[in-house]
Amino acid sequence: MLPRMERRRPIITLTTDFGLRDHYVAAMKAAILVQIPDTQLIDITHHIPPQDVLAGSFALERAVAEFPVGTVHLAVVDPGVGTTRPLIVVEVENQLVVCPDNGLITWTWRRHSCDAYELIWRPGRASSTFHGRDIMAPAAAMLATGHDFDAIAGESTEPNLLNIALADAATGRGQVIYIDHFGNCTTNIPAGEPIAGRVSAKGRVIGPIRQTYADADSGAPLALIGSSGLVEIAARNASAAQTLGLAVGDEVLIGP
Amino acid sequence: MLPRMERRRPIITLTTDFGLRDHYVAAMKAAILVQIPDTQLIDITHHIPPQDVLAGSFALERAVAEFPVGTVHLAVVDPGVGTTRPLIVVEVENQLVVCPDNGLITWTWRRHSCDAYELIWRPGRASSTFHGRDIMAPAAAMLATGHDFDAIAGESTEPNLLNIALADAATGRGQVIYIDHFGNCTTNIPAGEPIAGRVSAKGRVIGPIRQTYADADSGAPLALIGSSGLVEIAARNASAAQTLGLAVGDEVLIGP
Amino acid sequence: MLPRMERRRPIITLTTDFGLRDHYVAAMKAAILVQIPDTQLIDITHHIPPQDVLAGSFALERAVAEFPVGTVHLAVVDPGVGTTRPLIVVEVENQLVVCPDNGLITWTWRRHSCDAYELIWRPGRASSTFHGRDIMAPAAAMLATGHDFDAIAGESTEPNLLNIALADAATGRGQVIYIDHFGNCTTNIPAGEPIAGRVSAKGRVIGPIRQTYADADSGAPLALIGSSGLVEIAARNASAAQTLGLAVGDEVLIGP
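Residue numbers run consecutively from 1 along every chain, following the written order of its sequence. Whichever chain is written first becomes A and whichever ligand is written first becomes 1, with later ones labelled in order. Side-chain atom pairs in this predicted model are given and counted only at pLDDT of 80 or more, local residue features only at pLDDT of at least 70, and totals for whole chains, interfaces and linings cover all residues. Side-chain numbers come from the whole structure's heavy atoms, not from hydrogens or water.

Visitor: Please explain the relation of the copies chain A and chain C as it appears in this structure.
Guide: Superposition of the two copies of the chain requires a rotation about an axis and a shift along the axis. A residue counts toward the fit only if its pLDDT is at least 70 in both copies, and the copies are then superposed by least squares on the C-alpha atoms of those residues. Each copy superposes on the other: chain A lies on chain C with an RMSD of 0.0 Å after a rotation of 120° and an axial shift of 0.0 Å. Interpreted geometrically, this transformation is the action of a three-fold axis. When each C-alpha of chain A is compared by its distance to the rotation axis, A:Gln40 comes out closest, at 4.9 Å. A share of only 7% of interface residues in chain A that are also interface residues in chain C marks the association as one of differing surfaces. Throughout, a contact is declared for two residues whenever any of their heavy atoms are within 4.5 Å.

As structure tokens, this is what we get:
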């Protein structure tokens, strides 16, 4: 549950694959504003590739990592809308997440200590095509205002998780898990302990971990610790993904 | 006029064809914030195709349908900027709309009970290329704060309307009026009364009205009641518009 | 420094080349909200072409011109992140700008009276790849809340400026400095004094200054005073940039 003091003018973030062309994001915001007209609404991104649960999972974890205590995060990448797939509420870092139980919580689960509950609240009447607006947004608003938690969240549950985890730094073997619009390739290798050795990706040696983009020549690839605390493969003023032909899932090694 | 109690921290929504690349949307927001620094500003969409008044009309109606009492909606799709085309203020569902009188109010007018007035307020000095910033945004802010209505809105007026209306369910004959970025095709056929029979579009039979996307096989088209309360033609995990070659204006029939 | 009275619920704007696909914009907002949960956060644009300092400079000036006294503008187009390039704080029109000292302030500097200071505040720990989140956003938040100015901004400084200025109206010789997504071409020729004569661009005569887009035939180019107070070359219901083959830097003349 959220600390009481944060509930006056709550922050609710939104992460979806709805895009910004249609009115769908605004419809979710309206469902929140009907309850709390002065919510601080923050878009994480609405450009998750359609139904790409892994990409959504990565963006959602970044939101959890960056936002203050008391924030409620609403994440809707939901290929199963209209089926009986469960919805969940997750407590993490004194924040809450509301999302479908389809793996979207995975990356948050891997990097933070979490507790998950089934979202049991249902409105009197919901469409069968837009649970983001009809169920998850109102539930997020109720949670943000300190509504009785037990009326919204039920039994503790083990969420469904994607088959992706933090790499074991000891083995030095990981993979690309996210590529941003600059072409920077984030891996699942954490920066927690000293990383020695040369980084290679898809059989090509990139070199040792550098400090910043400017440590490479223009256009040249380099490995560094990205702003999310993970090993990242970048290229100075260029797209590493394009330069190196990297895609999500490609193997990254750190070795002698 | 708006209920007094809603005026403290007003909600103003924005619907335009300005895109998000330039500073134009922010310029309209600034014109509002100069008057009301703590306005709750909500983007419906700024990706209406340039000068597509019908698409703008559809998005604006969705905003009116979803937002709380007291909201002011600012809609600017305005090919006639700089000419003498009138501007209007519309009262609908205890909310207000400010927009050019060029048909943008059409879909709101068809689905809700409305009263329209000419927007008579003008600033001391306005550009002739950006009435959204110079006239409509300041007028929306004044209306949102409960400024004297009669100083802003003049005579009652019959707005210009596009040649599109709700289909007569009795005849079972309608058309596609909006296609979203998933390729879902919304029609002008309302869900108000039981709909029996098979839906067909452009001569191709889709089938009876289903409950949800998951009622079709992956990639297959289906008809259902969309989240806007209208018959929609969709395809599970695919674009119905692409699969069926549908465009705005194409005929949709419900028959035996 | 900002007027005290504006500091209660501050307005902070954001102008970047981060795009909206990744979580980076939200990460900067989170860094602000951690300090001031009810900041009024306004996006100017995040679609500055990557590392296009001139385009960023133009958008930033528009923000300064339009927003109310007390606003803090955060602008991050920063090819030099991780190097030792300085950051600056600029006082202008009773507003503040925080940005890298790489020319991003140029167009604001040319059109307004400004004072620049080196941004000396640094966090205990900053990444070397995301100074927008780790240094500039927290500094903007501190400035917006009236934090001790001298702890954040140091010595007065002469900022680095791009080689672009307001055209001398007397000579009638200027250039295209920004092209918007409609294809309207804004020049550096100010509207301050009466402009007589015919405008030509790239050797093609456009004609005299008109009042509004509707003063040309559909598809035809025209010159007018745009909403930023500068001579603009547009085309009615068409892209002037495309019709005339214009690009940023192309010469524009006003002559007999």
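Visitor: What should I look at first to understand the packing of helix 1 (residues 24-33) of chain A against helix 4 (residues 131-144) of chain A in this one?
Guide: All names here are of chain A. At a closest axis distance of 8 Å, the pairing of helix 1 and helix 4 adopts a crossing angle of 40°. Relative to helix 4, the element helix 1 is oriented oblique. Crossing of helix 1 over helix 4 shows right-handed handedness. Residues Ala27, Met28, Ala31 and Ile32 of helix 1 pack against Gly132, Arg133, Ala137, Pro138 and Ala141 of helix 4. Note on residue classes: Ala, Val, Leu, Ile, Met, Phe, Trp, Tyr, Cys and Pro are nonpolar, Asp, Glu, Lys and Arg are charged, and everything else, Gly too, is polar. A class-by-class count of the residues in the contact of helix 1 with helix 4 yields seven nonpolar, one polar and one charged. Interaxial angles span 0 to 180 degrees and are taken between N-to-C directions of axes, which are lines fitted to C-alpha atoms, for helices over the stretch in contact. By definition, any uninterrupted DSSP run of H or I lasting at least four residues is a helix, any uninterrupted run of E lasting at least two residues is a strand, and each is numbered from the N terminus. Should an angle fall under 35 degrees it is taken as roughly parallel, and over 145 as roughly antiparallel, whereas 65 to 115 is taken as roughly perpendicular and any remaining angle as oblique. It is the rotation of the near helix from the far one that decides the hand of a crossing: anticlockwise by less than a right angle makes it left-handed, clockwise makes it right-handed.

Visitor: Can you help me understand helix 4 (residues 131-144) of chain B in this one?
Guide: Along an α-helix, a turn takes 3.6 residues, which lines up residues three or four apart on a common side. All names here are of chain B. Given a rise of 1.5 Å per residue, 14 residues ought to cover 20 Å, and the 18 Å separating the end C-alpha atoms of helix 4 matches this to within 8%. The quantity called bend is, for any residue, the angle between two axes fitted respectively to the seven residues ending at it and the seven beginning at it. The largest bend in helix 4 amounts to roughly 30° and is located at Ala137, with the proline Pro138 lying one to four residues further along. Accessible area is worked out with a 1.4 Å probe on protein chains only. A residue is then buried under 20% of its type maximum, exposed over 50%, and partly exposed in between. Of all 14 residues making up helix 4, 14 are buried, and the element is well covered by its neighbours. Count one or two residues on from helix 4 and you reach Gly146, which has phi positive near 80°. Working rule for helices: expected span equals 1.5 Å times residues minus one.

Visitor: Help me understand the environment of B:Asn237 in this model?
Guide: Turning to its location among the elements, B:Asn237 is positioned in the loop between strand 14 (230-235) and helix 6 (240-244). The spatial distance from the C-alpha of B:Asn237 to the C-alpha of B:Tyr213 is 8.1 Å, given a sequence separation of 24 residues. Beyond its immediate stretch of four places on either side in the chain, B:Asn237 contacts A:Gln51 and B:Ser218. As used in this structure description, the phrase polar contact means that two N or O atoms lie within 3.5 Å; if the pair is within protein, one of them must be able to donate a hydrogen and the other to accept it, and residues adjacent in sequence are counted only when both atoms belong to side chains. Here A:Gln51 takes part through its side chain, which lies 3.2 Å from a polar atom of the side chain of B:Asn237.

Visitor: For this particular structure, what's the right way to read the interface of chain A and chain C?
Guide: Many analyses report the size of an interface as the accessible area lost when the parts associate. On the side of chain C, 28 residues touch chain A, which itself brings 28 residues to the contact. Between chain A and chain C, the buried area comes to about 2500 Å², and carbon and sulfur atoms account for 55% of it. By buried area we mean how much accessible surface two parts lose on assembly, using a 1.4 Å probe and totalling the loss over both. When residues of chain A are sorted by the area they lose upon contact with chain C, A:Glu66, A:His181 and A:Ser227 head the list and together hold 22% of the total. Any carboxyl oxygen of Asp or Glu within 4 Å of a side-chain nitrogen of Lys or Arg constitutes a salt bridge here. For the pair chain A and chain C, the interface holds one salt bridge. Taking the shortest distance from any N to any O, the salt bridge between C:Arg133 and A:Glu66 comes out at 2.9 Å. The tally of links between chain A and chain C comes to 15 residue pairs in polar contact (both at pLDDT 80 or more). Where the side of chain A that touches chain C is concerned, the elements lending two or more residues are strand 2 (40-45), helix 2 (53-66), strand 8 (173-179) and strand 13 (221-225) of chain A. Ranked by residue count, the leading element in the side of chain A that touches chain C is strand 2 of chain A, at five residues. For the side of chain A that touches chain C, a count of residues per class yields 14 nonpolar, nine polar and five charged.

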